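What follows is the residue order along each chain.
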Protein chains: 2
Amino acid sequence: MASTPTTAPEFPHHSVSSSGASTPSFSPLYQQIKGLILQSLQAGEWRPGELIPSEMELAARFKVSQGTVRKAIDELAAENLVMRRQGKGTFVATHAAQQVQYRFLKLHPDTGDLQKEGRAQRSILECKRVRASAEVARLLQLKSGDAVIQARRVLTLSGTPTIVEDIWLPGHAFKGLSAEQMGSYQGPTYAMFELEFGVRMVRADEKIRAVLPDEEQAQLLQVSTSTPLLSVERVAYTYNDTPMELRRGIYRTDTHHYRNELS
Amino acid sequence: MASTPTTAPEFPHHSVSSSGASTPSFSPLYQQIKGLILQSLQAGEWRPGELIPSEMELAARFKVSQGTVRKAIDELAAENLVMRRQGKGTFVATHAAQQVQYRFLKLHPDTGDLQKEGRAQRSILECKRVRASAEVARLLQLKSGDAVIQARRVLTLSGTPTIVEDIWLPGHAFKGLSAEQMGSYQGPTYAMFELEFGVRMVRADEKIRAVLPDEEQAQLLQVSTSTPLLSVERVAYTYNDTPMELRRGIYRTDTHHYRNELS
DNA sequence: GAGTGGTCTAGACCACGCG
DNA sequence: GCGTGGTCTAGACCACTCA
């Protein structure tokens, strides 16, 4: 059925490669299926944590074989957008109730143990509506002067203030976000974003530098202004590579380190 | 043929899950095939950059279907151990002649462009045979006092000394490594390790901190001792998770940053 | 026992690289 | 035109989960 479907498919099969075209112009079926599933995820047809239809059902819906759906889901699972569980089904990934508490936080305690040094204690210093500076606007793909929510908080690990973070969020998507909301929610902030605003962060880029703190940062972290600290600038993206958060964090690295695995 | 092979296979098919056993004790065929291919890679049956047998040939050799070999190779490719090229074949991955010049170096220039700011200029300060300290021995899984090669070098990017690195290598595997050898080789040092010592680094762990340089480091990087710098401790591994290099780098981050992608 | 994802197979055809 | 990896299919059976 691959080459001559009798029932009209809603998506192009193998589009004939145009003669002198320069762009790729060829997309395997499973990529098209992946795109369709992605659309459903993005549209909220299935919410974070929920079960999506079985491979057989999706195969029937899209009029392809189970193997093709499988390959599409394989890629989505590799990108951490869904989670497969043998015997149960495939679930929409969520930052809540996950295997690791903070998926995007790569700061680990020096002393062996995993990141289970108790939950990080959050302290929200401010959360206000402001206008985007040129740089914030650029990184969030907004226009200068657009409304953004700006928040500052301190994370305390094992009783030591270790991280001070400034967070910028597009105003339109996070309308009404309050300091109370940020402080009271138990669990990852990204899980709260899913629940309260329907915004799922699926990937992020970080730029890391060594810096000295300014007076205020030094005071918040209880270190001197000559203590070297890690500066971590993170841009987090939802589906479609749309940036939805800018985060500038300053990390103490006297008892913790940023861990990275290369391959 | 999967369940009742008539010709005796050299590897266990589905080993019957022992009754009250606690360990997994079940390995899919493709994982066993992957293990066999891995052994050949490790044994040097095919050298870095070389073509490995086609999927059909391997399927015949191992008496399984092409699809099973494909899945094994898929995983090896995902781990960057081999590289597939449609129409040509599957090649053993190499640090030489790769798409990115330095696969494990995550330092990028701030000003947009890719890492093509010209090649890094290397300056080897020393390269000597010493005895492993307790900590070096622990990280390289050697015994305290075992012979190790210790080297120090400075990398200059765009005319600015940006990185000073101390490198420790197990003496037994890198016998005869000289400062000349480290300095004269064109291209990634890891490529030289492949060529000269048959040691392939396949993955690495990094621990990152912010530090202040000591007098010597400051002088080498032409900064003051109060300039915050990135400390990057890397342990690089060959096959079988065997550590083969410890590297302690100090990075200037005034014109560059450490880039990381999370997902 | 029914349903899910996971493995394995065999065969067909497609896109690519190269002689 | 041939060989390579890449896609797609259809069907069988296995391992896991849960009622």
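Rules used throughout
- Residues numbered from 1 in each chain as written.
- Chains lettered and ligands numbered in written order.
- Predicted model: local features only at pLDDT ≥ 70, side-chain atom pairs only at ≥ 80, totals over all residues.
- Heavy atoms only, no water.
- Helix = DSSP H or I, 4+ residues; strand = E, 2+ residues; numbered from the N terminus.
- Buried < 20%, exposed > 50% of the residue type's maximum accessible area, 1.4 Å probe, protein only.
- Contact = heavy atoms within 4.5 Å.
- Areas by Shrake-Rupley, 256 points an atom, 1.4 Å probe, with all protein chains shown as cover.
- UniProt positions renumbered as here; feature names shortened; annotations may be inferred.
- Pairing = 2+ DSSP bridges.
- Axes fitted to C-alpha atoms, helices over the stretch in contact; angles between N-to-C directions.
- Near = heavy atom within 4 Å.
- Polar contact = N/O pair within 3.5 Å; in protein donor to acceptor, adjacent residues only side chain to side chain.
- Nonpolar A, V, L, I, M, F, W, Y, C, P; charged D, E, K, R; others polar.
- Buried area = accessible area lost by both parts, 1.4 Å probe.
- Salt bridge = Lys/Arg side-chain N within 4 Å of Asp/Glu carboxyl O.
- Core = buried A, V, L, I, M, F, W, Y, C linked by side-chain atoms within 4.5 Å.
- Lys, Arg positive; Asp, Glu negative; His and termini not counted.

- Going by an unreviewed UniProt entry, chain A carries the name GntR family transcriptional regulator and comes from Comamonas terrigena.

Remarks on the overall build of chain A
Moving on, step 1. When helices and strands are counted, chain A shows seven helices and 11 strands.
Moving on, step 2. Within chain A, buried positions represent 47% of all 263 residues.
Moving on, step 3. Restricting to contacts in chain A with at least 6 residues of sequence separation, those with at least 24 account for 57%.
Moving on, step 4. Accessible surface, chain A: about 13300 Å² in total, of which carbon and sulfur atoms supply 50%.

What to know about the UniProt feature "domain: HTH gntR-type" (unreviewed entry) in chain A
Moving on, step 1. Mapped onto the present numbering, the UniProt feature "domain: HTH gntR-type" (unreviewed entry) falls on residues 27-95 of chain A.
Moving on, step 2. A distance of 31 Å separates the end C-alpha atoms of residues 27-95 of chain A, which is 52% helix and 14% strand.

Quick notes on the sheet that holds strand β9 (residues 229-237) of chain A
Moving on, step 1. Taken in spatial order, the eight strands line up as β5(A)-β6(A)-β7(A)-β10(A)-β9(A)-β8(A)-β11(B)-β4(B) in an open sheet, and their pairing is antiparallel. Looking at the sheet topology across the chains shown, the edges are occupied by β5 (121-131) of chain A together with β4 (107-109) of chain B. Ignoring which end each strand starts from, the neighbouring axes of this sheet average 25° apart.
Moving on, step 2. Pairing geometry for β9 of chain A and strand β10 (residues 243-251) of chain A, over eight bridges, is antiparallel. Bridging across to β10 of chain A, L230 of chain A finds its partner in Y251 of chain A.
Moving on, step 3. Those strands touched by helix α6 (residues 189-197) of chain A are β5, β6 (147-157), β7 (160-170), β9 and β10 of chain A, and its axis lies near 160° from that of β10 of chain A.

Comments concerning the protein's contact with DNA strand D
Moving on, step 1. Contacts to DNA strand D come from 22 residues, most closely from L29, T68, K71 and Q86 of chain A together with G87 of chain B.
Moving on, step 2. Across the atoms of DNA strand D situated within 4 Å of the protein, the share located in sugar and phosphate is 78%.
Moving on, step 3. At 2.9 Å, a side-chain N or O of S65 of chain A approaches a phosphate oxygen of DNA strand D.
Moving on, step 4. A distance of 3.1 Å is found between a phosphate oxygen of DNA strand D and a side-chain nitrogen or oxygen belonging to K88 of chain A.
Moving on, step 5. Those elements that place two or more of their residues in the surface near DNA strand D are α1 (29-43) and α3 (66-78) of chain A together with β2 (82-85) and β3 (89-92) of chain B.
Moving on, step 6. Its residues assigned to classes, the surface near DNA strand D comprises five nonpolar, 10 polar and seven charged.

Points about the interface of chain A and chain B
How big an interface is tends to be reported as the loss of accessible area on association of its parts.
Moving on, step 1. Taken residue by residue, the interface counts 31 residues in chain A and 31 residues in chain B.
Moving on, step 2. Here chain A and chain B share an interface that buries about 2600 Å² over both sides, 52% of which is from carbon and sulfur atoms.
Moving on, step 3. Put simply, chain A and chain B have two salt bridges between them.
Moving on, step 4. For the salt bridge of D110 of chain B with R209 of chain A, the shortest nitrogen-to-oxygen distance reads 2.4 Å.
Moving on, step 5. The interface formed by chain A and chain B contains 19 residue pairs in polar contact (both at pLDDT 80 or more).

Overview of the nonpolar core
Moving on, step 1. Judged by nonpolar contacts, the single largest core of 69 residues is most densely connected at F174 of chain A together with F174 of chain B.
Moving on, step 2. F174 of chain A has contacts with I149, L169, F193, F197, V199, M201 and M244 of chain A, leaving out every residue within four places of it along the chain.

Describing the side chain of R122 of chain A
All names here are of chain A.
Moving on, step 1. Topologically, R122 is positioned in strand β5.
Moving on, step 2. The buried charged residue R122 lacks any salt bridge partner; its closest oppositely charged side chain belongs to E165, at an N-O distance of 8.4 Å.
Moving on, step 3. Among the polar contacts made by the side chain of R122, one reaches the main-chain carbonyl oxygen of M182 at a distance of 3.4 Å.
Moving on, step 4. Looking at R122, its side chain comes within polar contact range of the main-chain oxygen of Y185, at 2.3 Å.

Here's the deal with the sheet that holds strand β1 (residues 51-52) of chain B
All names here are of chain B.
Moving on, step 1. The three strands are arranged β1-β3-β2 in an open sheet whose pairing can be described as antiparallel. Each having just a single partner strand, β1 and β2 make up the two edges of the open sheet.
Moving on, step 2. For β2 and β3, the ladder comprises four bridges, and the chain directions are antiparallel. Each bridged residue has a counterpart across the sheet, and for V82 the counterpart in β3 is V92.

Points about the protein's contact with DNA strand C
Moving on, step 1. DNA strand C sits among 22 residues. The nearest are L29, S65, T68, K71 and Q86 of chain B.
Moving on, step 2. Counting only atoms of DNA strand C within 4 Å of the protein, the sugar-phosphate share comes to 80%.
Moving on, step 3. T90 of chain A places a side-chain nitrogen or oxygen 3.4 Å from a phosphate oxygen of DNA strand C.
Moving on, step 4. For the surface near DNA strand C, the residue count by class is five nonpolar, 10 polar and seven charged.

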